[in-house]
Each structure stands twice: as structure tokens, then as C-alpha cells.
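Fold and geometry: a report
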Amino acid sequence: MDIRQTYLRMLAEDVPQNLERFDDATGRFLTGGGWAVTNQDIVYPLALLYTTESPVNPYHRDERLLPYIMRGGDAWRDFQNPDGSVEFIKVDGSTWGPTFMPWSMYHWLETYALMYDELDPGRRRRWEEGLRLAYTGIAALLERSGVHNIPTWHAQALYRAGQIFERPEWMKGGRHMIYRTVEEQTPQGYWREHLGPTTSYNLVYVHALGLYHGHSGDDGVLDSIQRATDFHIRYTYPDGRPVETIDGRVKYHDHVSATGLPAFSLSPRGRRYVRFLVEHMLAERAERGEPEISYIKTGGSIKIAAAQYGLVPHLASAYVHHQEGPEEAILQDRADYSVHDPGQALIRRGDGWFYCLSGIVTPPADNRWGMDRQAFISVWNQGPRLIVGGGNSKDQPEWSNFVHPGQDGPLYLPTAARLEPGDQGDAVILTYGERDCTIGATIVDPGHLAVRLAGPAGATGQLLLKLKPRQALATGAGASYVLDGEGLELTSEAAGGWIGQDGWRVGLPGDSKVTWPVYPFNPYAADGAAPLQEAVAVLSVSLESSPVVVNFEVEA
């Protein structure tokens, strides 16, 4: 498989349904009638397709694309404030204040570079004016910024803007922030956000470093990129999805991320990882059919449910900066492996199963973006895929693996964790004040995985079941339920001792119940509401007769 041509083919396949989103009156690309500044980012891959000759690209020099590219870029300029910033608006209509939107400004910059000779003098002058305003503001912003994912992205973009507009001081400022970022990376290969890792946002740092290397050829960032590459290889499910168990910000999303690919291609292990990810992107496309932008209307607002490769600009930059070379085997090439990442997690794959036990405990974040670290196990199987997990929430005891009664309300956030690797299984011991609780996982055989919950009397153990919305849930009592937004609560007795879906089932201990749907807090929506895709079913069981063993079975 030719990786670069595969990127180009995926982008070309996504053009028709995205052009249908174009609003001729404004030049904006809409999502369900709503608009976000970042909706315009697809202009960059359109420009790349227009300017790139390839047997897999039917859009090379296709003049039908020009109005979308030109008007799409104009919409960015039309929306700018006098200082070059834009209002951070989302498709649900919520506004989050002025910002130099990092992704959009960079993708507009690359569109400008690609289309320079196609722009009429007036439009070229207008775009350049807008971009110079934006990057003047970004340069000033970086001088007072700490290291974070957005400043890192701004840094690589400022370096690139310095190249395009011949501003060496911008290149110097961008490089300075890039090296500050490299210095703050942990030895494990991630950048701390809210005191711990976030697999999702870590990819933003990685992608930015990869683009910076592509712009500059500066090998001083390669060691940092390799550490990050190894981190992401460790924390990737066998189907290419990022492991959310250690993520302190973002929930599980059932798609392969296109972020980070330019950086990963800079080493032999990374190139094998890229091929692995692209293989699973293609498999995902085959499963889901035509890529689409889907959304859910809730109370008059619009919640984004998924955006699967809808002209993803990260694929465009991956095409531009992909490096060919030898490949080296990665963990995912093995059917059986275990990883002990001290102080971070225990991971084991075997007999078609995969689990991750997190050992990361941090104080609660004092802002909306950092989630409570409260869910410490995920379970995946090669048939149904993610069964237990989904991520963390905020101020919600029902998303915690253990809940203890307390005088001032439930105690559900641990203060310490200890990982205990074993020959046949693994465990994490969580401390809540003076009380210890244990989650243990053991792969019994290809058809059976056991999770053990142990803790003091009075405590409740909980597992987050990642049920699939709008699919049938079967029970041992012979009933079947379609999982929509309607509430469902089943005791072990009412369920006939088990529930199951999509080829797996879980035995329900005698004093347990399952509740669906339990929504998390969504920091990316103004009202905190999450889409149904992020909901879980909570299996809760009293620990009066501790330990409790919860058995998961699949059709082996």
C-alpha cells in the first residue's frame, strides 16, 4: 500500500458529500444548518487536491473546485475581527470568545500558499492582510504563553508563516516555543494536561512537531517525537482507536484518529504504526460505507455525533509531510503482549482480549476541561471491540469504579493508586481516604475474561459498559431492548442473570443492576450535554460480599 496515495484517495472520495454542505450565500460549509469556524478547514484539502496530480485524484485542476476554495477562504477573512482574531463559534450556535483559531489559521495559511498563483490580485491581497494580522497576533500571544497543545500548534504555524511571508522573527519565535514544548515532555512520551496524560490531545503536540520538522528539517525534535510515538503505540487498541482509559480530558471515540501521522512517519516504528492506523481507517470506511457528517438535534441545539474523514485537513498535511523508509515491528503486530508502564498503567493482550488498568490519580481540575480520574479499567475484544470503558466525567459519582458513603456526600475519587502486575492477570489498588479497593482483570481463555471488584462493606463497585446505541440489548430472561434515549434499569433477577449485545454478554452478580443511559459531562458543549454515543450503561453492585467477580463472555 502506497501511504501517500492512500491519503489522497481518501480525500478525493470525501469531496462530493462535503461540497453539498456549501452555503452559496456566505461561502461557509455548514453542519446540519449550523456553522463553526473550523468547518472551513476543509478548504485546505480541496486546495491540495486541486494542485496535486495523481492517478487517484480526479480533482487535479478541476475548475469546479475553485469557487469552493476561493469563497471558502473568503469566509475566514469575512469573519475576522479587526485584530485578525475570530469569534470561537460552534455549530450549536454557542460562542466562546475571540481567538486566533489555531487549526483554521494554519489551514488557511497552507491554502494561501497552494493557491497563490490562482488568486486574483485583490483576493490575494485580502487573504494576505488577514493572515498577517492573525500571525502578528499569534506571535505576540506566544511570547506570553505557557506550553500547551494550542501554543505548540501555533508555534509550528508561526514558523511556517515566517517562511511564507519572509519574517525571520516569526520563525525564531515559533522555534523557541517548539523547544520549550520538547523540554516539557515527560519521559513516558506525553505532555501533562491537568497533571496527567490525555491520549487525544497528546496527538495535537505530536502532529505539530511533525509539521515543524517538515517545515524546518530540524532533527532536534526527533527524540521527542520517538518518545511520543512509543507512547501512542502503547495506548492504542488493536483496532487502531486511542485508549481512553488514561485520558484526563476526552471520552472514547469509535474512530481512528488522523492526528499525528506526519510525526509518526519519521521513524521505522512510527512508519509501521502509520500503516497499521491507515489499514484500520480503510477497514472503518468499509464497515461504515459513505463517510458522513452526522449530528443530533436536542432541544433546538445541534450536537456533533461524528465526523468521519470528511475531508480531514490532517490527512492533507499527512500527505504533504509523509516520510517513506524502513519499518519496524510494533506491539500491535503481536497477538499476545503485556506492558507495565510504571505509575501509569498495566496493559495486557491475549486470546483476542485487551485490557488497560490505569494507575493515574490526580486532584480534580478546577476548570471545565479536565475530567475527574475515576474510571480505571477498559476491556476490549476483537469481536465486539470496546466492552468496558468510555472515559471519565466530572462531578458524577455514577462514572466512578467505586463509591463510598460519606457524611458530606459520596466519596468516589481516589487519592492514590498502586499497580500490581501478575503472571496471569493484573490489578490496580485504589485508595479512598483510609479505604482500599481493587480492580483485577484476568484473561481466562478466548471466550472468557473476569473482572474482580473488591472493597470494604458499604461500598459500591461500578463498571462502565460501552453499549452501542440503537442496537438491541438481549437478556437472560429472553427480553430484548433497543437502546435509544429512553431510560432502562434492570436488576440481575429481572435480566435473568445476564445482558448481552453484539456477540458478548456479561453475567450480573446477584445484588447488581444495570442503568442506561448514563451521560457524562461534555465540556465542549455550552450546556455540558453529551450525545448518546458518549453514554454508558453502569453496572453497579454492592460490595457487602466482597470480592465480586464479573464475568464477560464472547462467542469464541
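See the structure shown above.
For the structure given in this document, a descriptive report is provided here. Each chain has its residues counted from 1, running along the sequence as written. With pLDDT at 70 or above as the cut-off, local features in this predicted model cover only qualifying residues; side-chain atom pairs require 80 or more to be listed or tallied, and sums for whole chains, interfaces and linings still use all residues. The side-chain values count all of the structure's non-hydrogen atoms but skip hydrogen atoms and water molecules.

On to the overall build of the protein chain, then. What counts as a helix is a DSSP run of H or I of at least four residues, what counts as a strand is a run of E of at least two, and both are numbered from the N terminus. A tally of regular secondary structure across the protein chain gives 13 helices and 25 strands. Taking 24 Å as the expected radius of gyration for a compact globule of 556 residues, we find that the protein chain reaches 24 Å, a close match to that expectation. Each principal axis of the C-alpha distribution contributes one length, and for the protein chain these read about 75 × 50 × 45 Å. Partly exposed describes any residue whose relative accessible area lies between the buried limit of under 20% and the exposed limit of over 50%, with all areas from a 1.4 Å probe on protein chains only and scaled to the type maximum. Across the 556 residues in the protein chain, those meeting the buried criterion constitute 58%. On the protein chain, roughly 21200 Å² of surface is accessible, and the fraction owed to carbon and sulfur atoms is 48%. Restricting the calculation to C-alpha atoms gives the radius of gyration, and the globule rule supplies 2.2 Å times the number of residues raised to the power 0.38. Shrake-Rupley sampling with a 1.4 Å probe provides the accessible areas, and residues are treated as covered by the protein chains on show and by no other component.

This part is about the side chain of Q80. Summarising the element assignment, Q80 is placed in the loop between α4 (66-79) and β3 (86-89). Judged by its relative accessible area of 10%, Q80 is buried. There is a polar contact of 3.0 Å between the side chain of Q80 and the backbone oxygen of G130. Any two residues whose heavy atoms approach within 4.5 Å at even a single point are treated as in contact. Every residue in contact with Q80, bar those within four places of it in the chain, is listed here: S85, V86, M105, W108, G130 and A134. Pairs of N or O atoms within 3.5 Å make up the polar contacts considered here, provided that, within protein, one atom can donate a hydrogen while the other can accept it, and that residues adjacent in sequence are counted only when both atoms are side-chain atoms.

Turning next to unusual backbone geometry. Omega for the bond connecting W516 with P517 falls within 30 degrees of zero, at -15°, which places this linkage in the cis form. In this model, S546 is joined to P547 through a cis peptide bond whose omega is 0°. Relative to the helices and strands, P547 resides in the loop between β24 (536-542) and β25 (548-554). Positive phi, close to 55°, is recorded for R61, a residue that is not glycine.

Take the number of residues in a helix, subtract one, and multiply by 1.5 Å to get its expected span. The terminal C-alpha atoms of helix α6 (residues 121-143) lie 33 Å apart, and with 23 residues this matches the ideal 33 Å at 1.5 Å per residue to within 8%. Residues of α6 that are buried include every one of W127, G130, L131, A134, Y135, G137, I138, A139 and L142, and no others. Between the side-chain oxygen of the N-cap and the backbone nitrogen of G122 there are 3.1 Å, and the N-cap of α6 in question is D120.

Turning to the environment of I330, a few remarks are in order. Note on placement: I330 falls in the loop between α13 (313-321) and β7 (337-341). Here the alpha-carbon distance between I330 and Y524, two residues 194 residues apart in the chain, equals 34 Å.

The next subject is the packing of α6 against helix α7 (residues 149-165). For helices, the fitted axis covers only the stretch in contact; all axes are lines through C-alpha atoms, and the angles between them, taken along N-to-C directions, range from 0 to 180 degrees. Packing of α6 against α7 brings their axes to within 10 Å, and their N-to-C directions diverge by 130°. As the angle between them shows, α6 and α7 are arranged oblique. Crossing hand, α6 versus α7: left-handed. Contact residues: α6 offers E128, L131, R132, Y135, I138, A139, L141 and L142, while α7 offers P151, H154, A155, A157, L158, A161 and F165. If an angle is under 35 degrees, it is roughly parallel; if it is over 145, roughly antiparallel; if it lies from 65 to 115, roughly perpendicular; otherwise it is oblique. Should the near helix be turned anticlockwise from the far one by less than a right angle, the crossing is termed left-handed; should it be turned clockwise, right-handed.

All right, on to the sheet that holds β25 then. Judged by pairing direction, the sheet is antiparallel, and its 9 strands sit side by side in the order β13-β14-β15-β16-β25-β22-β21-β18-β19 without closing on themselves. Because the sheet does not close on itself, it has two edges, and the strands there are β13 (416-420) and β19 (480-482). Neighbour-to-neighbour, the strand axes of this sheet turn through a mean angle of 20°, independent of strand direction. Of the pairings in the sheet, the one linking strand β14 (residues 425-432) to strand β15 (residues 435-445) comprises 8 bridges and is antiparallel in character. Its bridge partner lying in β15, T431 is registered against D436. We treat two strands as partners when DSSP finds at least two bridges between them.

Attention shifts here to the nonpolar core. General note: in soluble globular proteins, nonpolar side chains tend to be found buried as a group. Among the nonpolar cores identified, the biggest contains 110 residues, and Y7, Y135, L261 and L315 are the most heavily contacted of them. Per-element accounting of this core gives the leading share, 9 residues, to helix α9 (residues 199-216). With residues up to four places along the chain from it excluded, the contact list for Y7 reads L261, V274, V278, L315, A318, Y319 and H322. Definition used in this section: a nonpolar core is a set of buried Ala, Val, Leu, Ile, Met, Phe, Trp, Tyr and Cys residues joined via side-chain atoms within 4.5 Å. Within the second largest apolar cluster, 46 residues are counted, among which are L346, V388, L467 and L488.

Bridge count for β13 against β14 is 5 bridges, and the pairing is antiparallel. When the bridges of β14 are listed, A417 appears paired with L430. Linking two consecutive strands that pair antiparallel, namely β13 and β14, is a turn of 4 residues.

With respect to the helices, strands and loops of the structure, G476 is situated in the loop between β18 (472-475) and β19. You can call G476 partly exposed: its relative accessible area is 35%. Distance in space between the C-alpha atoms of G476 and Y190 is 44 Å, their sequence separation being 286 residues. Excluding residues within four positions of it along the chain, G476 makes contact with A495, G496 and W498.

Looking now at the packing of aromatic side chains. Centres within 6.5 Å are what make two rings of Phe, Tyr or Trp a pair, Trp counting through its six-membered ring; a difference in plane orientation under 30 degrees is then read as stacked, over 60 as edge-to-face, and the rest as tilted. One pass over the structure, following the stated rule, counts 23 aromatic pairs. For the ring pair Y112 and Y116, a centre distance of 5.6 Å and an interplane angle of 85° mean the geometry is edge-to-face. The exposure class assigned to Y116 is partly exposed, which follows from its relative accessible area of 35%. Between F402 and Y432, the ring centres sit 6.1 Å apart and the planes meet at 70°, which makes this aromatic pair edge-to-face. Of this pair, F402 sits in strand β12 (residues 402-403) while Y432 sits in strand β14, and the two are 30 residues apart along the sequence. On the basis of relative accessible area, Y432 is assigned to the buried category, the value being 0%. Taken together through their ring pairs, the aromatic side chains of F88, W96, W369 and Y524 make up a single cluster. Stacked on the ring of W170, the Lys or Arg R167 has its end atom at 4.2 Å from the ring centre. Throughout this description, the term charge over a ring refers to an Arg CZ or Lys NZ atom that lies within 6 Å of the ring centre and within 35 degrees of the ring normal. A cation over an aromatic ring shows up here: R368 above the ring of W369, its NZ or CZ 5.7 Å from the ring centre.

The term salt bridge refers to a pairing of a side-chain nitrogen on Lys or Arg with a carboxyl oxygen on Asp or Glu at a separation within 4 Å. Applying the stated criterion across every chain yields a total of 29 salt bridges. Where E287 meets R385, a salt bridge forms, and the shortest distance between an N and an O atom there is 3.1 Å. Taken together, the positions of E287 in helix α12 (residues 268-288) and R385 in strand β11 (residues 385-388) put the pair 98 residues apart, joining distant regions of the chain. Counted as one network, the salt bridges with shared partners bring together D239, R241, D254, E284, E287 and R385.

Once that is clear, we can look at the packing of helix α3 (residues 43-51) against α4. Relative to each other, α3 and α4 sit at 145°, their axes nearing to 9 Å. α3 and α4 meet at a crossing whose hand is left-handed. Every residue of α4 that contacts α3 at V43, L46, A47 and Y50 is listed here: L66, Y68, I69, G72, G73 and W76. Classification convention: Asp, Glu, Lys, Arg as charged; Ala, Val, Leu, Ile, Met, Phe, Trp, Tyr, Cys, Pro as nonpolar; all other residues, Gly among them, as polar. A breakdown of the residues in the contact of α3 with α4 according to their chemical character gives 8 nonpolar, 2 polar and no charged.

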